[in-house]
Structures are given as C-alpha cells and as structure tokens.
Amino acid sequence: MSSVLVSADQDSGVAVVTLNRPGRLNAIDLEMAGRLAEVWRELRFDDTVRAVVLTGAGERAFCTGIDRDAVVPQPNSPYAQDDPLLGIGPKANDLWKPVVAAVRGMACGGAFYLLGEAEFIVADPTAAFFDPHTTYGMVSAYESVLMAQRMPYGEVARMALTGTAERISARRAYEVGLVSELAPEGEALEAATACASVIAGHPTEAVQGTVRALWAASEAGRAQGIAQAPHLIALGNAAGERQARLFAGRGRAYRLR
C-alpha cells in the first residue's frame, strides 16, 4: 500500500493527503519523501482541487519525522548536507493551494517540515508536539526556523532545547498560536476538512494570491535562517554512533505541559 494516500472530493474541491505508515508512527522514509513531493506537484495541476487537508493515518501520531532506519548518504564536506525532508512540503514543491493540517497524536522532529508549510493547524486533544533533536545530539535547525514563524521565540526555544523531556499539549499549542482550532477527540480531520471546504469555495486566484502574500511576509527571516542551517548541523551534530547510543538510551518519561 502507498505510503501517501490521496483522496479528492470534486464537489467540495478538497483533497485529503494522508501519511500512511501508521505502524512506523508515520515516520518518513526515503520512499515517502519522494512520494510526498510527487503528490504536491500532481496537485498543482489538478484544477478540481482548490484546498488540501494533510493528516496522518492511525491514532498514535501525525508524523514522527524521519525514519531512524532511513540511510541518507552524506558528502564528506561540512558545506554540503543532504536532507531528504527539505523537499517534502507543499511550498517546497511550488504548491500555493492552501493546506490545512489535521493533527492527532504525536507530531515531532521532521513533522515540522510539513506543519511549517501548512497554512494552519487543527488538532484534537491527543495532539502533542516536541522536538527530540538535542536529546539525540543533533542540532534543531530547519525545524526551529520553521516553527519560529509560528510560535513565540520562548516557546520554540523551550521545545527545541528540552528535547524529549517535554511535550507541548494540544491545549498549550492552541494557547501559543501553533494550533488554530481544538476539535473534539477524533474529529480533527473533520474540522480541518470543513475549514478547507469553506476556503475552496472562494475564488481560486484570490485564495492562492493570499497564500503567497502570507508566505512572503515571513520569507526573508526564514530564508536567512535556513541558509545557516547546513553549517550549524555540520558543526553541532554528534557523530552517528553517538546519536545511535543516545537514541537507544533515551528516557521514556516526559512532562506534558
């Protein structure tokens, strides 16, 4: 079965894109990364789709970032870092149709590449957000840059620096503006689809122009931050062997706030 499912309702003009690796908590392997890029490019040319909802299969997670079993060969240079997640988002693939994320369960690490390129997020009470990078000896660079456009500085800093020791609850995410709506448990997808249907009913050109304007408003700061990310990652990441040890020895306890 495909790692990314797409269903479209021509009456409403809304497509639902589902990350479909629930047995791996919707972690992104290289096949899924490639498929996501294909999906966004396909939706660019489908005029029957005027808005998109992005969600994850299963109840446990929206997405838990890159699959730890994914092997990503790296050039032997601190100036060249290959990150397969840089191309998984809608904006990275020049899709300017609005994307609403529906989050249930965990959303962490590389999930922020996707959430950072959605227009807004609808979550249910089971949603929990965290960034494990520092716990595993890794620099949170791209994730922090994207979330800095969505959350107050102190909230992004606390999430990135505390690693797996804390998780942001759905309620707290709503309070700080990361989440725009809290739906009843199990109803985030329905609520997000309702929002997307309203947006899809408006004139397409006006909607897409607004999306581009909103993105442009934060583009300068985001571009500068992302330009620094490869060097910071090359300098600050622990060696792969140490990352693996830290991952294996991580504690399971965390504080939900």
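Check the entry above for the structure.
Each chain has its residues counted from 1, running along the sequence as written. This being a predicted model, a pLDDT of at least 70 is required before a residue's local features are given, and a value of 80 or more before pairs of side-chain atoms are given or counted; all residues contribute to the totals for chains, interfaces and linings. In computing side-chain values, all of the structure's heavy atoms are included and hydrogens and water are not.

Novice: Tell me what's going on with the pattern of salt bridges, and back it up with residues and numbers.
Specialist: Any Lys or Arg side-chain nitrogen located within 4 Å of an Asp or Glu carboxyl oxygen qualifies as a salt bridge. Evaluated as defined, the whole model comprises 15 salt bridges. For Arg24, the salt bridge identified is with Asp69, shortest N-O distance 3.0 Å. You can see Arg24 sitting in the loop between strand S2 (14–19) and helix H1 (30–44) and its partner Asp69 sitting in the loop between strand S4 (61–63) and strand S5 (99–103), a full 45 residues away along the chain. Assessed through its relative accessible area of 38%, Arg24 is described here as partly exposed. A salt bridge links Glu166 to Arg255; the shortest N-O distance between them is 3.3 Å. Strands are runs of DSSP state E lasting at least two residues, helices are runs of H or I lasting at least four, and both sets are numbered from the N terminus onward. A 1.4 Å probe rolled over the protein chains alone gives each residue an accessible area, and that area as a share of the maximum for its type sets the label: buried under 20%, exposed over 50%, partly exposed in between.

Novice: Any chance you could break down the sheet that holds strand S8 (residues 128–130) for me, citing the residues and the numbers?
Specialist: The mixed open sheet is built from five strands, whose spatial order is S4-S6-S8-S9-S11. The open sheet terminates on both sides in strands that have one partner only, identified here as S4 and strand S11 (255–256). Note that S8 and strand S9 (residues 166–169) share two bridges and pair antiparallel. Bridged to Ala128 within S9 is Ser169. The contact criterion used is simple: two residues touch if any of their non-hydrogen atoms lie within 4.5 Å. Angular values range over 0 to 180 degrees, each being the angle between N-to-C directions of two axes fitted as lines to C-alpha atoms, with helices fitted over their stretch in contact. Sheet contacts for helix H4 (residues 153–162): S8, S9 and S11; angle to S9, the most-contacted strand, approximately 140°. In this description, strands pair whenever DSSP reports at least two bridges between them.

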